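Letter by letter, the chains look like this.
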Number of protein chains: 4
Amino acid sequence: MSNIFGHLFRIATWGESHGGGVGVVIDGCPPGLAIDEGILQRDLDRRRPGQSDIVTPRKEADRCQILSGVFQGRTLGTPISVFVPNEDARPEAYAEMQTAFRPSHADYTYQAKFGIRNWEGGGRSSARETIGRVAAAAVAKVALTELLPGLEVVAYVKAIHDLDADIDPATVRLIDVESNAVRCPDAAMARQMIERIKEVRAQGDSVGGTIECIVRGCPPGLGEPVFDRLEADLAKAMLSLPATKGFEIGSGFAGARLTGSQHNDAFELRDGRVRTTSNRSGGVQGGISNGEDIVFRVAFKPTATIAKAQKTVTADASAETELAARGRHDPCVLPRAVPMVEAMAVLVLIDHALRQRAQNGLEPKLTAHADT
Amino acid sequence: MSNIFGHLFRIATWGESHGGGVGVVIDGCPPGLAIDEGILQRDLDRRRPGQSDIVTPRKEADRCQILSGVFQGRTLGTPISVFVPNEDARPEAYAEMQTAFRPSHADYTYQAKFGIRNWEGGGRSSARETIGRVAAAAVAKVALTELLPGLEVVAYVKAIHDLDADIDPATVRLIDVESNAVRCPDAAMARQMIERIKEVRAQGDSVGGTIECIVRGCPPGLGEPVFDRLEADLAKAMLSLPATKGFEIGSGFAGARLTGSQHNDAFELRDGRVRTTSNRSGGVQGGISNGEDIVFRVAFKPTATIAKAQKTVTADASAETELAARGRHDPCVLPRAVPMVEAMAVLVLIDHALRQRAQNGLEPKLTAHADT
Amino acid sequence: MSNIFGHLFRIATWGESHGGGVGVVIDGCPPGLAIDEGILQRDLDRRRPGQSDIVTPRKEADRCQILSGVFQGRTLGTPISVFVPNEDARPEAYAEMQTAFRPSHADYTYQAKFGIRNWEGGGRSSARETIGRVAAAAVAKVALTELLPGLEVVAYVKAIHDLDADIDPATVRLIDVESNAVRCPDAAMARQMIERIKEVRAQGDSVGGTIECIVRGCPPGLGEPVFDRLEADLAKAMLSLPATKGFEIGSGFAGARLTGSQHNDAFELRDGRVRTTSNRSGGVQGGISNGEDIVFRVAFKPTATIAKAQKTVTADASAETELAARGRHDPCVLPRAVPMVEAMAVLVLIDHALRQRAQNGLEPKLTAHADT
Amino acid sequence: MSNIFGHLFRIATWGESHGGGVGVVIDGCPPGLAIDEGILQRDLDRRRPGQSDIVTPRKEADRCQILSGVFQGRTLGTPISVFVPNEDARPEAYAEMQTAFRPSHADYTYQAKFGIRNWEGGGRSSARETIGRVAAAAVAKVALTELLPGLEVVAYVKAIHDLDADIDPATVRLIDVESNAVRCPDAAMARQMIERIKEVRAQGDSVGGTIECIVRGCPPGLGEPVFDRLEADLAKAMLSLPATKGFEIGSGFAGARLTGSQHNDAFELRDGRVRTTSNRSGGVQGGISNGEDIVFRVAFKPTATIAKAQKTVTADASAETELAARGRHDPCVLPRAVPMVEAMAVLVLIDHALRQRAQNGLEPKLTAHADT
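In this numbering scheme, every chain counts its residues from 1 along its sequence in written order. Numbering of ligands from 1 and lettering of chains from A proceed in the order in which they are written. Only residues with pLDDT of 70 or above have their local features reported here, since the model is predicted, and side-chain atom pairs are shown and tallied only from 80 upward, although totals for entire chains, interfaces and linings are computed over all residues.

Draft legend 1. Main features of the overall build of chain A. For helices the rule is a DSSP run of H or I covering at least 4 residues; for strands it is a run of E covering at least 2, with both sets numbered from the N terminus onward. Summing up its helical and strand segments, chain A has ten helices and 18 strands in all. Expected size for 372 residues packed as a compact globule is a radius of gyration near 21 Å; at 21 Å, chain A falls within 12% of this value. Structurally, chain A occupies a C-alpha span of about 75 × 50 × 35 Å along its principal axes. Field definition: a residue is buried when 20 or more other C-beta atoms are found within 10 Å of its C-beta, exposed when 12 or fewer are, and partly exposed for counts in between, with C-beta atoms placed from the backbone. In chain A, which comprises 372 residues, the proportion classed as buried is 70%. For chain A, long-range pairs separated by at least 24 residues make up 71% of all intrachain contacts whose partners lie at least 6 apart in sequence. The globule rule is 2.2 Å times the number of residues to the power 0.38, and the radius of gyration it is compared with is taken over C-alpha atoms. We call two residues in contact if the C-beta atoms placed from their backbones are at most 7 Å apart.

Draft legend 2. Highlighting the sheet that holds strand β3 (residues 21–27) of chain D. Residue and element names in this part refer to chain D. Only when DSSP finds a minimum of two bridges between them are two strands counted as paired. Pairing in this open sheet of five strands is antiparallel, and the strands run β1-β2-β3-β7-β4 from one edge to the other. Two strands close off the open sheet at either side, each with one partner strand: β1 (4–5) and β4 (65–66). As defined by bridge partners, β3 adjoins strand β7 (residues 80–85) across six bridges and the pair is classed as antiparallel. Bridge pairing links Ile26 to Ile80 in β7.

Draft legend 3. Spatial organisation of the interface of chain D and chain A. Each partner contributes residues to the interface: chain D has 35 residues there, and chain A has 36 residues. Where the side of chain D that touches chain A is concerned, the elements lending two or more residues are β2 (10–15) and β3 of chain D. In this count, Pro and Cys sit with the nonpolar residues alongside Ala, Val, Leu, Ile, Met, Phe, Trp and Tyr, while Asp, Glu, Lys and Arg are called charged and the others, Gly among them, polar. Counted by class, the side of chain D that touches chain A contains twelve nonpolar, 17 polar and six charged residues.

Draft legend 4. Region of the structure containing the relation of the copies chain D and chain A. For the pair chain D and chain A, the best superposition has an RMSD of 0.0 Å and corresponds to a rotation of 180° with a translation of 0.0 Å parallel to the axis. These values place the two chain copies in the arrangement generated by a two-fold rotation axis. Relative to the rotation axis, the C-alpha of Ala12 of chain D is the closest in chain D, positioned 3.6 Å from it. The overlap is high: 100% of the interface residues of chain D also sit at the interface in chain A, so the same surface is used on both sides. A residue counts toward the fit only if its pLDDT is at least 70 in both copies, and the copies are then superposed by least squares on the C-alpha atoms of those residues.

Draft legend 5. Just the interface of chain B and chain A, in detail. Chain B puts 101 residues into the contact, and the matching count from chain A is 101 residues. With seven residues, helix α3 (residues 107–114) of chain B is the largest single contributor of residues to the side of chain B that touches chain A. Here the side of chain B that touches chain A is built from residues that sort into 40 nonpolar, 38 polar and 23 charged. By the bridge criterion, three bridges tie strand β11 (residues 244–249) of chain A to strand β11 (residues 244–249) of chain B in an arrangement that is antiparallel.

Draft legend 6. Representation of unusual backbone geometry in the model. With an omega of 5°, the peptide bond between Pro225 of chain B and Val226 of chain B qualifies as cis. Even without being glycine, Arg183 of chain A reaches a positive phi, approximately 60°. As for its placement among the helices and strands, Arg183 of chain A is situated in the loop between α5 (174–177) and α6 (187–202). A count of 24 C-beta atoms within 10 Å places Arg183 of chain A in the buried class. The backbone phi angle of Ala317 of chain B is positive, close to 60°, even though this residue is not glycine. The residue Ala317 of chain B is located in the loop between β17 (310–313) and β18 (320–323) in this model.

Draft legend 7. Focus on the confidence of the model for chain A. On a scale of 0 to 100, pLDDT captures the predictor's confidence in every residue. Summary statistics for chain A give a mean pLDDT of 94 and a share of 97% for residues scoring 70 or more. The ipTM for the predicted assembly is 0.97, set against a pTM of 0.98.

Draft legend 8. Examining the environment of Met189 of chain D more closely. Residue and element names in this part refer to chain D. Looking at the element boundaries, Met189 is found in helix α6 (residues 187–202). Once the C-alpha coordinates of Met189 and Ala159 are considered, the two residues, 30 residues apart in sequence, prove to be 9.1 Å apart. In contact with Met189, not counting residues within four places along its chain, are Leu163, Ala165 and Cys184.

Draft legend 9. Structural view of the environment of Ser251 of chain B. Mapping Ser251 of chain B onto the fold places it in the loop between β11 and α8 (252–255). Note: C-alpha distance between Ser251 of chain B and Val333 of chain B (82 residues apart in sequence) is 25 Å. Not counting chain neighbours up to four residues away, the residues in contact with Ser251 of chain B comprise Lys245 and Lys301 of chain A together with Leu258, His263 and Arg280 of chain B.

Draft legend 10. Molecular detail of the pairing of strand β3 (residues 21–27) of chain A. Residues and elements named next belong to chain A. With respect to burial, β3 is a largely interior element, seven of its seven residues being buried. Residues Gly21, Gly23, Val25 and Asp27 line one face of β3 and the alternating positions Val22, Val24 and Ile26 line the opposite face, and both faces are buried. In this structure, strand β2 (residues 10–15) lies alongside β3, joined through six bridges in antiparallel fashion. Looking at the pairing, Gly15 lines up with Val22 of β3. Hairpin connection, β2 to β3: the antiparallel pair is bridged by five residues, and Gly19 has positive phi, about 130°.

Draft legend 11. Just the sheet that holds strand β8 (residues 152–160) of chain D, in detail. Taken in spatial order, the ten strands line up as β9(C)-β8(C)-β10(C)-β16(C)-β11(C)-β11(D)-β16(D)-β10(D)-β8(D)-β9(D) in an open sheet, and their pairing is antiparallel. Looking at which strands have only one partner, the edges of the open sheet turn out to be β9 (163–164) of chain C together with β9 (163–164) of chain D. Taken together, the eight bridges between strand β8 (residues 152–160) of chain C and strand β10 (residues 209–216) of chain C define a ladder with antiparallel strand orientation. Within β10 of chain C, the position partnered with Glu152 of chain C by the bridge is Arg216 of chain C. Throughout, an axis means a line fitted to C-alpha atoms (over the contacting stretch in the case of helices), and angles, computed between N-to-C directions, take values from 0 to 180 degrees. Across the sheet, helix α7 (residues 230–239) of chain C lies against β11 (244–249) and β16 (294–300) of chain C together with β11 (244–249) of chain D, angled at about 160° from β11 of chain C, the strand it touches most.

So this is what it looks like as structure tokens:
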């Protein structure tokens, strides 16, 4: 069950960083949606290695094949199987991983859990696994557009190391995110970030950062208290991504330092709808979307793989040793993590949209009588 | 499904803040465990209202009854039903909630989702719902002690408003947490926090803060990549608690500002086991526990209910109005949220312990040969 | 998880035959439905002991209390907790069950699985557990009527021992089922069945039989291939009832003895809809309802509890012994099993109706152009 | 969710009869098991078309590829993806299916549910979908042998049309099942069955029958009351197979015609264990295995596809028409359904074995003191 996500729009991802390939089976997708490989490829290309000079140079076209569930360009309502072969696998480059645990990687914990691990390039713990998520989310986006027209998800790099971008979540556009290699829509700061990433790579080091994500146009009513609150499912979705260390929504950790009178979002009537005058709630109240923008942030640690030598122990736990990475890797995961964050947000939203339709229908339950 | 939590140790909570009561059904509990109402009551008493002069004065004994699943003092392996009647319900005090949406509460979103809501005291969105979680976790603790002897969970208040406590997670003890009303084991800071809470209450205001939680003695191997990573399930569990705005594990958001060489946890051999020399991972690597202390933090917003007048709209969305709380409420949720955080951590751990036993057994998979 | 049923309309039942009581938590019920205890009680009364002279004389009013989820007579969309106290418990009558395993009961297997059992009256394996199912189904019926107006479920006794009733599934009415104590709408045969049950009881014996169930007015489209086919979920639901030994739909086991040309249901256009000229499919094709009547049968074994002495072994597995039942019991479970079969059918249908609405909406997908 | 089966050993099947292929993702498999494509192929070959002169002549090698989850011949504990390409697809042969609904097939119901269908050869409702189940079960068998050594599953044809075989479930061997094309271990009857199948095929007709399955060596304790009883999950598993109409366990429908004193299985002590002197329970009591042989039967209807002309309606529901099958098909599904029944039984058993290990451990809970 650990490789299956979602309750109604359900995905099962599979594959290791080296081996036959990676993929996903999508179960529960609504029928009749116009889907083809090009739609998936657009998002896979935003995630793939080798797309710029600040990401890993591993050469993978990440070309996807849809093997089932789509007939004459339309989804059938039956499982959609997507397959992406591995191409530029160089297991030989990972020989030393066979004999020693890489610090802050999953080598040791996989061994401790399963008693066996695929030591070629991280195996299942590789970010390559997220291909299935991104492909599934490309399908989910089409479904979401059908169910909730006007809904839009935009993620972007908010901070790299100690460099913080200045971005207005209310107006940021995908085109601005995609306008530079680091996926930070603050163009001036993006240049500094790219510089910083190149610097730390040159030093054999790596760097972390924060991604912010905004969902605009989400109607009130999504989210299922008490356990499957919208923010709870978003938190789980984000923390299931490799290298994540934190999640916060709306005011987040900073909000914990305010008083109630500073923090509360007053209600008002605007354009015939119940709206809030501020948005420290981050678009969710009591676990349910309130119609305001959903805004959350995800912390990513610096890439664990670095060229500098590090202390570790051998894979048979018999001796201490040193390890310096030789394989190809990202000096900073954030540029490629932007489409991953977006994908997980989309997967949470489609699932909750279907759950909402199941129990409550998708029609608004509260019609405002705005005559103030 | 939204009121059911867990995959193998599964709980279904029910009840509203006013009405017949609240409770929980626990499914999948191992048999033969020594359980009685006293064990549950100890934790329920830590959660209940009226326990000190800085929490809500609502008078609820929160006396629990075990209605099934325990026979002659032992769990049967069949569902354990726990019931706590509501006693000091004063629905009349909530009359104005019927006619206006409380800012930053769930009144509006419940109405928008379901088209109906129980406006007596918050209904299902009340923190009273967490009684079922705390009762279930008291049972889960006994099961966990059986499965993973030596495992220990301690949560405590780390910060209130801008007051930050100085606590060593490695050594903090439950007895120190319970030694004061605010549940902060830094005694000097606890006094200031209590003072602060009384001050804001006197001003008709409220205040937020941060709770830290530590899990000691967790063996390597718990957590199910890729979606049910231990930190992902912890994040979901915590964000499913009322008033939470953020979750971070190990280095958290601060870790995003480090480089890889600063952040990575080097491995060493210690006492015949693979250990790390630092713990910025927070006890979890690749979604799986690594045997180090699991450390995470949860941000709570200031209580939404405040005595100060606030702008809002009427419940039929026809007019703007003002609202000032008259009901009993906590000026700060954190003291009572400590056992809730602990409970959710325990529920995640028991579920993962059972999942680990199912797939991999609970015996260590990696025996160290410590001859360095 | 084993005490939780359903994917969207989810119920968690709890309780043993002796102890505090039995009950159910219903999660995922649509909001706004008119529900009160009287609606539940009507079906509980059809299930309860002591209702006629051919069922167990145990005195239980089975009076239900709704503890949550209903506000001012309407469902809230939050969990509905239903509680039925045990009243006429006589654990002392079961003392000998403590020391010996009753043949063809669950005493031995519970002990073998859990290492412990509640030996008072069958504990969790008692048919008393089905109170929660019947109560939940009473709620589900109201939801189903809202979602799929015109849908109707009728179950009845088709055979007792070697006595087979002659009933037309297409026209049988609930009022005819309820017109006699054995719940067989063939009045003449019902009299013989009642006579037979009294005879076997007088002999210290018991008797089995078959229940048939019909669902009329189910639209095409319910059922989720490939694993959650409508007949698969019905089969599971029925075989989860105590004392069941078989399930068949439409032509069933007899259909296995036909040729394809005898068995196939030809399609025709009737009243502007696609219809079949026969119904050996039993209303389901490819796992999905086809709009015809859904017809299935469930085999119940004779009650295991009999007054005659039987060979068995002691509960510590140390010696062979004999056992003759003294407790109150049903000489034939079928009269009281009729509402249980109906309840499980309803629970399967509401779940599939909600699943269908989630993925496909509930509007017809195929409009016939009946101009033949 | 409808294409995902199992709670801990979970499979997601995908694919249509025509298109890229079919496959399965297996999640939750224990690590360290010796698996290769040859092990899967053995069972796939028993299921594949063209294996004898009484099954469909469609030419499919059904050659499987393991794309993930196995490393150096051992399972990793991560998802195992299995892919079988479609080869001998002749969509043109199915052109008439585009324009008319085949009687007693899923053409109409898929259209009614989804508003779209893949009309090439049955699409998702094709028995070709069961390739994924058989492949997954081949893996599950290896896991099951590890967890419950001595457990053995044997399925065979019990009846074809009105021809009933005489087989002793206690002693029947796989080698006898596989000794003839119809998979009936009663050699004399097998010859008649083969003859009968050829006759009905010559007449442009088809024929149904019954498969019996026996599980030997299953320890007491498997099965999860109340909803996931072992027989309930077996019933669901079997009724999820194409063309099934009924399921019965132990005495089944015939048992419903007995009295309790005839039906009950007396307990005795044998070889130091609690055993029953008869097995009308079919190896399961109260939903839990009792250590006796598990015996159940599954009814299969005659193949819906027949060469004889049949009345039906057009796919746009505008007119009545006639249809006679031209595509390749099985005149009787049972010979190829034997490995499918076996596969589904294995998948239920491995899931329950893991669930049992999770909650109760796999060690016997009741040690007999056989001193009679």
